[in-house]
Amino acid sequence: MDKVVWHNTTIKKAEREKLLNQKPFVLWFTGYSASGKSTIANLVEKKMYKLNYKTYLLDGDNVRHGLNKDLGFDEESRIENIRRVGQVTKLFLDSGVIVITAFISPFVSDRSLVKSLFQKSEFLEVFIDTSLEVCEKRDPKGMYAQARLGKIKNFTGISSPYEPPVKPDIHVVNDSISLDEASNKIIEYLVEKNYIKKEENK
């Protein structure tokens, strides 16, 4: 590793921000499987797209189809999964893009490690707080039922712990509100904190 040297690029992050006319940041969605993370993240991206913001959504399942195809679901693999995603997220952010991620990311230590890669104002932790009972009722893939039967090992909430954020930047309780209401709550926070503007970004 001592022969691997970081090469600085000619075009700097600030120049990319100026070209894209936006300040990049990360929306890191966390929560149980079937909590609504991916669906709400997609809605948030769609609404930001309509406001002319340049975004990219990294979804847990999609990343495991390619970049992290070699990883399993044991604790060590899940830690490595989030570590890699954190590094990819940083590369996207450096390009000037607003990055939205949707990963269970169950461990506080892993989320803290990812957060440490960014400036404080660049990283927003979004906790999609849906009760385990509601997630199990939704269970679109039938995974909770299989985990209860012992057919899936290391399943978050059943045979592996989920450590909820202590002080998330955005806390969405998603047991009874609509997906549109949940996504609007996030957009409203971004507007209130001056991350984005409600009128089209030109």
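No experiment lies behind these values; they were computed from the predicted model shown.

*Asks:* Just to check I follow, could you spell out the overall build of the protein chain for this structure?
*Replies:* Scanning the protein chain for helices and strands turns up 8 helices and 5 strands. In the protein chain, the succession of helices and strands from N to C terminus is α-β-α-β-α-α-β-α-β-α-α-β-α. Taking 202 residues into account, the globule formula puts the C-alpha radius of gyration at 17 Å, and the protein chain, at 17 Å, falls close to it. Here the C-alpha coordinates of the protein chain stretch approximately 55 × 50 × 30 Å along the principal axes. Sorting the 202 residues of the protein chain into buried and exposed places 44% on the buried side. Summarising the internal contacts of the protein chain: among those between residues at least 6 apart in sequence, 75% fall at separations of at least 24. For the protein chain, the exposed area adds up to about 11,600 Å²; of that, 54% sits on carbon and sulfur atoms. Separation of charge centres in the protein chain, based on 32 positive and 28 negative side chains, amounts to 3 Å.

*Asks:* Please clarify how the sheet that holds strand β2 (residues 55-59) should be interpreted in this entry.
*Replies:* Adjacent strands of a sheet pair through backbone hydrogen bonds, lying either parallel or antiparallel. Pairing within the open sheet is parallel, and its 5 strands lie in the order β2-β3-β1-β4-β5. In the strand order of this sheet, the two ends are held by β2 and β5 (170-173), each with one partner. Geometrically, the sheet is characterised by an average inter-axis angle of 15° between neighbouring strands, direction not taken into account. Sheet analysis places strand β4 (residues 123-129) next to β5, joined by 4 bridges and oriented parallel. Pairing of I128 across the sheet is with V172, part of β5. Strands β1 (26-30), β2 and β3 (98-102) of the sheet are contacted by helix α4 (residues 75-94), whose axis makes an angle of about 155° with β1. In the packing of helix α8 (residues 179-192) onto the sheet, contacts are made with β1, β4 and β5, and the angle to β5 comes to roughly 160°.

*Asks:* Honestly, the confidence of the model for the protein chain in this entry has me stumped. Any pointers?
*Replies:* Per-residue pLDDT for the protein chain has a mean of 91; in total, 98% of the residues score no lower than 70. Considering each helix and strand of the protein chain separately, the mean pLDDT is smallest for helix α3 (residues 60-65), with a value of 77, and largest for β4, with 98.

*Asks:* Could you clarify how one ought to interpret the pairing of β3 in this entry?
*Replies:* One face of the sheet, then the other: side chains in a regular strand alternate in exactly this way. Taking burial as the measure, the 5 residues of β3 include 5 buried ones, the bulk of the element. Burial along β3 is two-sided: the face carrying I98, I100 and A102 and the face carrying V99 and T101 are both buried. Sheet topology places β2 next to β3; 5 bridges connect them, and they run parallel. For D59, the partnering residue across the bridge sits in β3 and is A102.

*Asks:* Sorry if this is basic, but what is going on with unusual backbone geometry here?
*Replies:* Most peptide bonds take the trans form, and the phi angle of most residues other than glycine is negative. The residue N21 is not glycine, and still its phi comes out positive at about 60°. By the element assignment, N21 lies in the loop between α1 (13-20) and β1. The class of N21 is partly exposed, set by a relative accessible area of 35%. Here N194, not a glycine, exhibits a phi torsion of approximately 65°, which is positive. Secondary-structure assignment places N194 in the segment after α8. According to the relative accessible area criterion, N194 is exposed, its value standing at 70%.

The rules we used
- Residues numbered from 1 in each chain as written.
- Predicted model: local features only at pLDDT ≥ 70, side-chain atom pairs only at ≥ 80, totals over all residues.
- Heavy atoms only, no water.
- Helix = DSSP H or I, 4+ residues; strand = E, 2+ residues; numbered from the N terminus.
- Rg over C-alpha atoms; globule rule 2.2 N^0.38 Å.
- Buried < 20%, exposed > 50% of the residue type's maximum accessible area, 1.4 Å probe, protein only.
- Contact = heavy atoms within 4.5 Å.
- Areas by Shrake-Rupley, 256 points an atom, 1.4 Å probe, with all protein chains shown as cover.
- Lys, Arg positive; Asp, Glu negative; His and termini not counted.
- Charge placed at Lys NZ, Arg CZ, Asp CG, Glu CD.
- Pairing = 2+ DSSP bridges.
- Axes fitted to C-alpha atoms, helices over the stretch in contact; angles between N-to-C directions.
- pLDDT = per-residue confidence, 0-100.

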